[in-house]
Amino acid sequence: MRVDGEILGLAHNVTDVAEFLRRAGLEIDPADVAEVPWIDWRGVGPERWGPETGG
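Residues numbered from 1 in each chain as written. Predicted model: local features only at pLDDT ≥ 70, side-chain atom pairs only at ≥ 80, totals over all residues. Heavy atoms only, no water.

1. A few points about the environment of Val3
Inspection of the secondary structure puts Val3 in strand β1 (residues 2–3). For Val3, a relative accessible area of 18% gives the class buried. Not counting residues within four places of it along the chain, the set of residues in contact with Val3 comprises Leu8, Leu21 and Ala24. (Helix = DSSP H or I, 4+ residues; strand = E, 2+ residues; numbered from the N terminus. Buried < 20%, exposed > 50% of the residue type's maximum accessible area, 1.4 Å probe, protein only. Contact = heavy atoms within 4.5 Å.)

Structure representation (structure tokens):
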């Protein structure tokens, strides 16, 4: 996962995405990750990683 071009790590689920965003200063609930328009999903995205699946 990248934020502003900086590699933060490999996300395995929406909770990881929310945690990386939190570390970058953006608080977001994992349940809301799929709804934000400013995430550019590449490969597997939120439709495969619903918050209930954990990965």
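More follows now that the structure is in view.
2. Let's talk about the confidence of the model for the protein
Model confidence for the protein is summarised by a mean pLDDT of 81, while 87% of its residues fall at 70 or above. By mean pLDDT, the top-scoring element of the protein is helix α1 (residues 14–23) (90), and the lowest-scoring one is β1 (82). (pLDDT = per-residue confidence, 0-100.)

3. Observations regarding the pattern of salt bridges
Tallied over the full model, the rule gives two salt bridges. For Arg22, the salt bridge goes to Glu19, with nearest N and O atoms at 2.6 Å. Linking Arg22 with Glu19, this pair stays in helix α1, spanning three residues, or about one helical turn. A relative accessible area of 26% means that Glu19 is categorised as partly exposed. A salt bridge links Arg23 to Glu19; its shortest N-O distance comes to 3.0 Å. Note that Arg23 and Glu19 are positioned in helix α1 at a spacing of four residues, about one turn of the helix. Judged by relative accessible area, which is 59%, Arg23 ranks as exposed. Several salt bridges converge on common partners, so that one network encompasses Glu19, Arg22 and Arg23. (Salt bridge = Lys/Arg side-chain N within 4 Å of Asp/Glu carboxyl O.)

4. A look at α1
Residues Val14, Val17, Ala18, Phe20 and Leu21 constitute the buried set of α1. The buried residues of α1 occupy one face: seen down the axis, they fall within an arc of 160 degrees. Where α1 begins, the capping side chain belongs to Asn13, and its oxygen is found 3.1 Å from the backbone nitrogen of Thr15. Backbone geometry just downstream of α1 places Gly25 in the positive-phi region, at approximately 100 degrees. (Arc of directions from axis to C-beta. Polar contact = N/O pair within 3.5 Å; in protein donor to acceptor, adjacent residues only side chain to side chain.)

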